Amino acid sequence: MSATDRISDLPDDLLLHVMFFLTLQEAVQTCLLSRRWKNVWASLMWLHFDATKFSSMKAFKKFVDNLLQYRNSLPAPVPLDAFWISAVCNNSNDSLDYSDIHPWIRHALDSNAWALGIPKHRGPKPLSIEGYLFPFTSVHLKLLGLCHFKVDDCFVENLSSCCPVLEDLELKSCAIHITLFYSTSLNSLTITSTEEDRDFPEEFGSLSNATSVELLSASVFEDVVPKVLQRDLSRCVIFSRLKRLHLGEWFLSRGCYPLIYLLKRSPEVQKLTLQLDKASYTILSLICFFFPQFASGLNLIFRFNYQSGADDYNNRAAFPNADAEIDPHEEAHSTFSCEKLRKIRIHCPPSDERAQIVVRILSAHLSPLPSIKIKPIPSKLVG
């Protein structure tokens, strides 16, 4: 007497929920179980293609092509929610060109996917859509993540006009060559690990609707960032909805001028995260960089008391002479209030002296001073 197949009696929605936790290869293989299972996998609305699961990039490309071709052959269109392509194969040095990926992107957006991403890509050159019509045109796309992609002014202009409901954009290890970043729909913008330090937007405009902004790339020691910020920060609008601000070490330039300027224009900000990834520098070089007026004949002394673990700073009284220590020519009226700012987190390498300087600068400008916590980054993770 054969056992009853109770799993096959479950509704499709429940089977698809189970398949969500399988790799795509495993989900497709369920079609061999019985006639009942033949097309269940094809109704998955979250597709994540991961090249690390394949022996070669050629095998990965063939799998993706065949799967999407099968979906296209179904009697009725099957919509998608999310579509991800992790295009790095650990067993092969081969890489995908944009010509390989383009039809996959179009399949996802033709299926009304609201989330699309290429979280991993490796190759001799960044992916480029040059020669193609703008591929991300969609009235459904709300989340877009791109890795190792070429982003220029034309790309940003099309992004603004062709993705009217785009809310979240993440650019990772991208080659960014733009003079203006413009979007009225974005709620969250993340730029991390650009292709080169000089790959950084020259101007941010019309991001007043953003509630979260992460700008973690571009070293403070590259000339282009301070020059761009000096010219363009004054053009920034009020970030009236911004609640979370996450900045990389470029904010250090000119005595943390970019940081202070952005805080003044973010009345709703609640959480500030500052990330210092580079190795620590000598105190002399730090003072000369932060405060060039002291480069000759130093008359500024900082006293540091860095402890292992996290340091907490909860009140301005801890630094009664901060204004004068930072810049004796600074006017007292430079202080301002971020009424809703409750948390400031500084992530840095262990014993990084820059964190203490940042604390002093913040204490000289913010009144009252929110809770500040310094969290050392493990040495093995420091770039």
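Thresholds applied
- Residues numbered from 1 in each chain as written.
- Predicted model: local features only at pLDDT ≥ 70, side-chain atom pairs only at ≥ 80, totals over all residues.
- Heavy atoms only, no water.
- Core = buried A, V, L, I, M, F, W, Y, C linked by side-chain atoms within 4.5 Å.
- Buried < 20%, exposed > 50% of the residue type's maximum accessible area, 1.4 Å probe, protein only.
- Contact = heavy atoms within 4.5 Å.
- Disulfide = S-S within 2.5 Å.
- Axes fitted to C-alpha atoms, helices over the stretch in contact; angles between N-to-C directions.
- Helix = DSSP H or I, 4+ residues; strand = E, 2+ residues; numbered from the N terminus.
- Parallel < 35°, antiparallel > 145°, perpendicular 65-115°, else oblique.
- Left-handed = near helix turned anticlockwise from the far one by under 90°.
- Nonpolar A, V, L, I, M, F, W, Y, C, P; charged D, E, K, R; others polar.
- Salt bridge = Lys/Arg side-chain N within 4 Å of Asp/Glu carboxyl O.
- Pairing = 2+ DSSP bridges.
- Right-handed = clockwise from strand over helix to strand, strands pointing away.

If you check an unreviewed UniProt entry, the protein chain appears there as F-box domain-containing protein from Eragrostis curvula.

Draft legend 1. Summary view of the nonpolar core. With 97 residues, the main nonpolar core has Phe136 and Leu362 as its most contacted residues. Filtering out sequence-adjacent residues up to four positions away, leucine 362 remains in contact with Leu259, Ile260, Leu263, Leu274, Ile344, Leu369 and Ile372.

Draft legend 2. Main features of the state of the cysteines. Overall, the coordinates contain 0 disulfides when judged by the stated rule. Considering cysteine sulfurs only, cysteine 147 is the nearest to cysteine 174, which forms no disulfide, with 6.5 Å between them.

Draft legend 3. Broad picture of the packing of helix 3 (residues 57-73) against helix 4 (residues 98-110). The geometry of helix 3 relative to helix 4 is characterised by a closest axis approach of 11 Å and an angle of 30° between their N-to-C directions. Between helix 3 and helix 4, the angle falls in the class roughly parallel. As helix 3 runs across helix 4, the sense of the crossing is left-handed. Residue-level inspection shows Phe60, Lys61, Val64, Asp65, Leu68, Arg71 and Asn72 of helix 3 in contact with helix 4, the latter providing Asp100, Trp104 and His107. By residue class, the composition of the contact of helix 3 with helix 4 is 4 nonpolar, 2 polar and 4 charged.

Draft legend 4. Highlighting the pattern of salt bridges. For the structure on display, the rule yields 4 salt bridges. Of the charged contacts in the structure, one is a salt bridge between arginine 106 and aspartate 110, with a shortest N-O distance of 3.1 Å. Pair noted here: arginine 106 and aspartate 110 are both in helix 4, with a separation of 4 residues, about one helical turn. Among the residues examined, aspartate 110 registers a relative accessible area of 55% and is labelled exposed.

Draft legend 5. Spotlight on the pairing of strand 13 (residues 271-275). Most of strand 13 sits out of view: 4 of its 5 residues are buried. The pairing of strand 12 (residues 244-247) with strand 13 spans 4 bridges and is parallel. Considered in strand 13, the bridge of leucine 245 is made with leucine 272. Of the crossover connections in this fold, the one passing from strand 12 over helix 7 (residues 253-264) to the parallel strand 13 is right-handed. In the sheet, strand 13 pairs with strand 15 (residues 343-348) via 5 bridges, with the strands oriented parallel. Across the sheet, residue leucine 272 finds its bridge partner in strand 15, namely isoleucine 344.

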